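So you can see what is in the structure, the chains are spelled out below.
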Amino acid sequence: MILVGELALWVALLMAAWCATVSIAGGKLGRADLIASGERAAYATVALVILASAGLWTAILTHDFSLKYVASFTSANLPTVYLIASFWGGQSGSLLFWTLLLAVFTAMTVFGNRARNRALMPYVTGTLGVLLLFFLATLCFASSPYERLDWVPAEGRGMNPQLQSPGMAIHPPNLYFGFVATHVPFAFVIAALITRQLDSEWLAAVRRWALLSWLFLTIGIVLGMWWAYVELGWGGYWAWDPVENSSLLPWLTQTAFLHSVMIHEKRGMLRKWNVTLVAATFLLAILGTFITRSGVISSVHAFATSDIGSWFLIFLILGIAVTAYLVTTRLRDLEARAHLESMVSNRRRYGGYIMHAGIVLMFAAFAGMAFRGVHGDVRLGPGETFAATDPWGRDWTFTNQGVSEFAVLNRRVTGIALATTMDGKPQGIISSEKRQHVDSRGNATFEPSTEVGIHSSAKQDVYVVLAGVVGDNTASLSIAFNPLVVWAWVGGALIAIGGLIVMWPQADRRCAQSGYIVRLRPEHASLAAT
Amino acid sequence: MIPLIIGTVIALVAVAFVLVPLFRHDPLAPELDLPGALPKVAEEDDVTGALREIEFDRETGKLSDADYAALKSRYTGVALDAMRAAESKGISPDAADLAEEAVLRYRRRAMTCEACGPRPEPDALYCSGCGRYLPGRCSGCNAAVSEPAARFCPSCGRTLAA
C-alpha cells in the first residue's frame, strides 16, 4: 500500500501536467475532446492523490519508521488521534494534505460546472491543473513524504507536545481548507481575465467558494487563538506572530472581497478591485505558506520549516507576474458597466447579521483584555494561600492543595491543584500541569510543555500557569484574570453559524407572481382613479 | 514486486481513462458555449428597483453623490433601452390596451370604500377591510343610501354599519 501510494504520487504528477496542458490548449483551440480529456485528468488526479494520501496514512498508522516522515513526526506510543493528525503535522505531509484538498476541490469544481460556465471552464481546469502540478512537483522533487531513511530506527521522534492538543488536530486542517479554497476563485479570475468574460458569471461561481474559504479561515484562526490560549500559556490568544499575521492577511482581503462582491453583483462596479482582491487573497495564502515553510521569520509555527521556501518564492513571483500581466492588459474590460442583478436574499442577509454580531462580540472580548490583571511568579508552598482582586473588584483566594507527579499515556506530568474562592464562596479546583513527553522506552522527548488551568465564566477567565516547582513542594505560578475571553469563542461560534446559514444551499426557484400587472397610460390614469 | 504491478496497472488505467475522449467522440463530452451569448434584457421592474435602491443607499450614506449621479444616469439609460426593447419586440400595443380596458371595466364595476379604496368584491355592501357600509341600497327597505359611511338607513332606520 505504501509503495502503491508513492507510485500514485508520480502518476498524479503526470496527470496534473496533462490536465493543465490539454485544458488550456482545448480552450484556445476550441476542441471539446481536449477539454474533456483535461477534465478526466482532473478526476484521475484526485483519485491518485487520495491513493497517495492513503499510503502515507497507512505508513503512519502501521509505524513504518523506514519513512523519514513517519520517524520524524510520530512515535509508537502516540495516541491514534494524533497519529492521524500527524499527517499534516510536518512539512511534506502537510503539503500532501494541501494537495489532497486542492485535488478534491478541483474535481468538485469540474463536476459542479460540467453544464455551467463552459466558456470559462477549460481555463479554470487548466489553472487548477497548473497549481496541482506545482504542489505535486514540490512533493515529488523537493519534499517527498515517502523519502526513506538508510536504516530503520526502532522508535520515532514523536510529535511536538505543543501540537498534541485537540485544537491542534482541527486548527491546521481548517486553515488549510480556507487557504486551499482560495485557489478556486483565483482559477476563475484567471479564466475570466483570459477569456475577457468579466461580467458577473464568474462571480456567481466563486462567491460560494470565497465564502467557504473565508468561513474556514475564520474558524481556523479562532481555533488557533484558542490553541494558543490554552496550550502555549501566553496568557493571551494573539501575539502578532508572523505566521498569525500571514493567516490574517488573506482573511482581510477575503473579507473585503465578500463585501465588495455585493457591489459588483448589484451595480457592476468595483470590478478591478474584486479581481485584485481575489488574486491577492490567493497570493497572500501562498505568501503565508512561504513564510511558514521557509523559516525566514522565526515563529511559534516553526514546526514545518524546510528548504522548499525557494520553490514557493518562485511560484509566488510567477503568480504575481501572470496576474499583473492579465489585469493590466484587460483594464478596459474591467470598466464598470450598466448592469442589474437581483436583490440579496433575506436568508443571506440574516446570516450576515449573525456573522456581524459574532464579530462585534469578538471585538468586545478583545477590548476586555485591556483590563486583564496578571500576577507573575506567585510562590505557594503546600497549604499556602494567595489572595488577589480581579478587574471586577471581587476578592479571590488560591490555596495550594499540593503538587503531584504521575505518568499517563506518553508523558510524565507534574500537576498542581489550587482550591479557589471568590468573595468567600468556593469556586472549585483549578489545576495546571507541566508535561514531559517520553518515547515508548521512557526517554524524554522535546522540552517540557505547559497545560494551562482555566476557570471560565461569562465575566472572565481565571488563568493559571504552573511555571515550575521550586525545591520540594513550592509551586511557582502565574495567575491572571482575563476579562470577557469566553465571548471571543462565542463570537467565533456565531460567525460559523452565520456562515453556515449564508452558505446553506437554497432551492433555486422563484415564487410565482400572483395578481396582475397593469400599464397605465396618462389618459387612463385619471379614469382609474375614479 | 506486487506493489509495482499494482502501481503500473493503476497508471495504465489512469492514462486510458484520460485519453479516451481523444480517440472517440464522447457523446458526454461537454460542448463549448458560444461566448458572448445574448445579453440579458433588463426588465423595467429591475431598473426601477435599482433606482429606488441607489436612492436609499445615498440617503443612508452608503453611496457618494458622485457615484449616485453616475449610477442614476447609467440606469436611466438602461431603463430607456429596456423600454425601447419592450416596445420593439414585446407585447403588442393592442394586447396591452385590451388588458387595460379589461382591468378598467372590472374596476369601474367595483365598489369603493372611502377609507380603504376600491374593493375587490364587485357586489359588496360592506367594506371587507373596515366594515363600513358602501353607498348603495338598504338591504331592508331597498331605499337608496347616498351618504358614504352612513351607519343607519335614512328611510327605515335599519343599522347599516357593522
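As the structure is a prediction and not an experimental result, all values here were calculated from the model.

Cut-offs applied
- Residues numbered from 1 in each chain as written.
- Chains lettered and ligands numbered in written order.
- Predicted model: local features only at pLDDT ≥ 70, side-chain atom pairs only at ≥ 80, totals over all residues.
- Helix = DSSP H or I, 4+ residues; strand = E, 2+ residues; numbered from the N terminus.
- Buried ≥ 20, exposed ≤ 12 C-beta atoms within 10 Å, placed from the backbone.
- Pairing = 2+ DSSP bridges.
- Axes fitted to C-alpha atoms, helices over the stretch in contact; angles between N-to-C directions.
- pLDDT = per-residue confidence, 0-100.
- Contact = placed C-beta atoms within 7 Å.
- Parallel < 35°, antiparallel > 145°, perpendicular 65-115°, else oblique.
- Left-handed = near helix turned anticlockwise from the far one by under 90°.
- Nonpolar A, V, L, I, M, F, W, Y, C, P; charged D, E, K, R; others polar.
- Core = buried A, V, L, I, M, F, W, Y, C linked by C-beta atoms within 7 Å.

## Looking at the overall build of chain B
- Helix and strand counts for chain B come out as four helices and four strands.
- Sequence-ordered secondary structure for chain B, helices as α and strands as β, is α-α-α-α-β-β-β-β.
- For chain B, buried positions account for 13% of its 162 residues.

## Topic: the sheet that holds strand E3 (residues 395-408) of chain A
All names here are of chain A.
- Spatially, the five strands line up as an open sheet ordered E2-E3-E4-E5-E6, and their pairing is antiparallel. Two strands lie at the open edges of the sheet, namely strand E2 (385-389) and strand E6 (449-451), each paired on one side alone. On average, adjacent strands in this sheet sit at an angle of 25° to one another, irrespective of strand direction.
- Examined bridge by bridge, strand E4 (residues 411-422) and strand E5 (residues 425-437) share twelve bridges and lie antiparallel to one another. In the sheet register, alanine 419 faces E5, and the bridge partner there is isoleucine 429.

## Some thoughts on the sheet that holds strand E9 (residues 474-483) of chain A
Residues and elements named next belong to chain A.
- Here we have four strands laid out as an open sheet, ordered E1-E9-E8-E7, and antiparallel in their pairing. On the outer flanks of this sheet lie strand E1 (373-380) and strand E7 (453-456), each paired with one strand and no other. Sheet twist, expressed as the mean angle between neighbouring strand axes with direction ignored, is 15°.
- Note: strand E8 (residues 460-470) against E9, ten bridges, orientation antiparallel. Of the residues in E9, the one forming a bridge with valine 462 is phenylalanine 481.

## As for the confidence of the model for chain A
- On average, residues of chain A score 84 in pLDDT, and 89% of them are at 70 or above.
- Confidence drops under a pLDDT of 50 for residues 507-515 of chain A, and excluding neighbours within four residues, the segment shows zero contacts in the predicted structure.

## Some points on the packing of helix H2 (residues 32-61) of chain A against helix H1 (residues 2-23) of chain B
- Closest axis-to-axis distance for the H2 of chain A/H1 of chain B pair is 7 Å, and the angle between their directions is 165°. Classified by the angle their axes make, H2 of chain A and H1 of chain B are roughly antiparallel. Between H2 of chain A and H1 of chain B the crossing geometry is right-handed. Counting all contacts with H2 of chain A, which are made through Asp33, Ala36, Ser37, Arg40, Ala41, Ala44 and Leu48 of chain A, the residues of H1 of chain B involved are Ala14, Phe17, Val18, Leu19, Pro21 and Leu22 of chain B.
- A breakdown of the residues in the contact of H2 of chain A with H1 of chain B according to their chemical character gives ten nonpolar, one polar and two charged.

## What about the pairing of E4 of chain A?
Residue and element names in this part refer to chain A.
- Pairing geometry for E3 and E4, over eleven bridges, is antiparallel. By the bridge assignment, asparagine 400 is partnered in E4 with leucine 418.
- Between the end of E4 and the start of E5, which pair antiparallel, lie two residues, with aspartate 423 showing a positive phi angle near 50°.

## Brief notes about the environment of arginine 132 of chain B
Residue and element names in this part refer to chain B.
- With respect to the helices and strands, the residue arginine 132 is situated in the loop between strand E2 (117-118) and strand E3 (136-137).
- Take arginine 132: there are 20 C-beta atoms within 10 Å of it, and that puts it in the buried class.
- The sequence separation of arginine 132 and alanine 70 amounts to 62 residues, and the corresponding C-alpha distance is 49 Å.

## Re the confidence of the model for chain B
Residue and element names in this part refer to chain B.
- Per-chain confidence: chain B averages 74 in pLDDT, with 78% of residues scoring 70 or above.
- Summarising per-element confidence for chain B, the mean pLDDT is lowest in helix H4 (residues 93-109) (70) and highest in H1 (88).
- Overall, residues 27-41 carries pLDDT values under 50, and its contacts beyond four positions in sequence, including any with other chains, amount to 22 contacts.
- Both scores are available for the predicted complex, with the pTM at 0.73 and the ipTM at 0.70.

## A word on the pairing of E7 of chain A
Residue and element names in this part refer to chain A.
- Where E7 meets E8, four bridges bridge the pair, whose relative direction is antiparallel. Counted as the bridge partner of isoleucine 454 is tyrosine 463 from E8.
- Counted between consecutive antiparallel strands, the loop separating E7 from E8 contains three residues.

## Remarks on the environment of alanine 444 of chain A
Residue and element names in this part refer to chain A.
- The topology assignment puts alanine 444 in the loop between E5 and E6.
- Of the residues examined, alanine 444 has 12 C-beta atoms within 10 Å and is grouped as exposed.
- When neighbours within four sequence positions are excluded, alanine 444 is seen to be in contact with Gln436 and Val438.

## Quick notes on the nonpolar core
Residues and elements named next belong to chain A.
- Counting residues in each nonpolar core, the largest one holds 137 residues, and the members touching the most others are Ala12, Met15, Leu48, Phe188 and Val189.
- Among the elements that take part in this core, helix H9 (residues 201-232) stands out by supplying 19 residues, more than any other.
- Excluding anything up to four places from it in sequence, phenylalanine 188 contacts Leu120, Val124, Trp202, Ala205 and Val206.
- Grouped together as the second largest cluster of nonpolar side chains are 16 residues, Ile430, Val452, Tyr463 and Phe481 included.

## Quick look at the packing of helix H6 (residues 121-142) of chain A against helix H8 (residues 183-195) of chain A
Residue and element names in this part refer to chain A.
- As a packed pair, H6 and H8 sit with axes 8 Å apart at the nearest point and diverge in direction by 130°. Accordingly, the angle class assigned to the pair H6 and H8 is oblique. Classified by chirality, the crossing of H8 by H6 is right-handed. Between H6 and H8, the contacting residues are Tyr123, Val124, Thr127, Leu128 and Leu131 on the first element and His183, Ala187, Phe188, Ile190, Ala191, Ile194 and Thr195 on the second.
- When the residues that make up the contact of H6 with H8 are grouped by side-chain class, the tally is nine nonpolar, three polar and no charged.

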